[in-house]
Amino acid sequence: KEGNGYRITLTVVNPYADSARRARMEGAPYAKDRTYDRETARYLQPTPLIDAGNPRVKEIADTLFGGETTVWAVINKALSFTNRFISPDSSLARQIDAGVCRTLDVGSVIERRKGTCSEYANLFIALMRCRNIPARLAVGYIYSPQYKAFGSHAWAECYIEGVGWSAVDPTMNACWFPHFMAIKMRHGIDYEECGIGLLKDDIE
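Residues numbered from 1 in each chain as written. Predicted model: local features only at pLDDT ≥ 70, side-chain atom pairs only at ≥ 80, totals over all residues. Heavy atoms only, no water.

A ring pair, where both rings are aromatic, is described by two values, the distance of the centres and the angle of the planes. Inspection of the entire model under this criterion finds 4 aromatic pairs. Ring geometry for tyrosine 36 and tyrosine 159: centres 6.0 Å apart, planes at 85°, overall edge-to-face. Here the residue tyrosine 36 occupies a position in the loop between helix H1 (19–27) and helix H2 (38–41), and tyrosine 159 occupies one in strand E4 (residues 149–160), the gap between them amounting to 123 residues. A centroid spacing of 5.3 Å and a plane angle of 80° characterise the contact between tyrosine 43 and tryptophan 165, whose relative ring orientation is edge-to-face. Residue tyrosine 43 is located in the loop between H2 and helix H3 (55–64), and its partner tryptophan 165 is located in strand E5 (residues 164–169); the two are separated by 122 residues in the primary sequence. (Phe/Tyr/Trp six-rings, centres within 6.5 Å; stacked < 30°, edge-to-face > 60°. Helix = DSSP H or I, 4+ residues; strand = E, 2+ residues; numbered from the N terminus.)

The strand order across the open sheet built from 5 strands is E6-E5-E4-E3-E7, with neighbouring strands paired in antiparallel fashion. Two strands bound the open sheet, and with one partner strand each, they are strand E6 (174–175) and strand E7 (181–188). Helix H7 (residues 117–130) rests against strand E3 (135–144), E4 and E5 of the sheet, and its axis sits at about 5° to E4. (Pairing = 2+ DSSP bridges. Contact = heavy atoms within 4.5 Å. Axes fitted to C-alpha atoms, helices over the stretch in contact; angles between N-to-C directions.)

Structure representation (structure tokens):
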């Protein structure tokens, strides 16, 4: 946002055609002790909403992961788990849209096993950070004819060495949006930094 206007960057990607990028994504080796530059490593830090050090998160991660040799394998296991573990909560979605409440912290998400797109993202990001994969929250607008979905949305982006930041959506159990349009408006370490309370007005 610049004053009363916006600076827009549009990137058009055909993920089905970009076989070289997909090959790099799928082949990137996983290393639990990998180090990152300062800006990227920032997205490994815990926050009150996404606490990767939560004992329940660690318990899930220790049960879910084991012996993965690629980052892609870790990401896909976490995507599938999160998508199955959480059920949609339309009541909470209405409250968040109305500004009555904010997203739930990851401990509450695990306890309730229900949530909106931001709760799916919170749990997924916590699992990524717990396994030393930088992950951040992205928010914006989606249009998905396949799922008859449109409106504001939250998803995750994971950092993959040799590839960069790649979008993944635990709510729809999908990687880098091959099946619908996404307009990312912000990203941040968590819900608070993304300023989601202002997103509806910004989209309008």
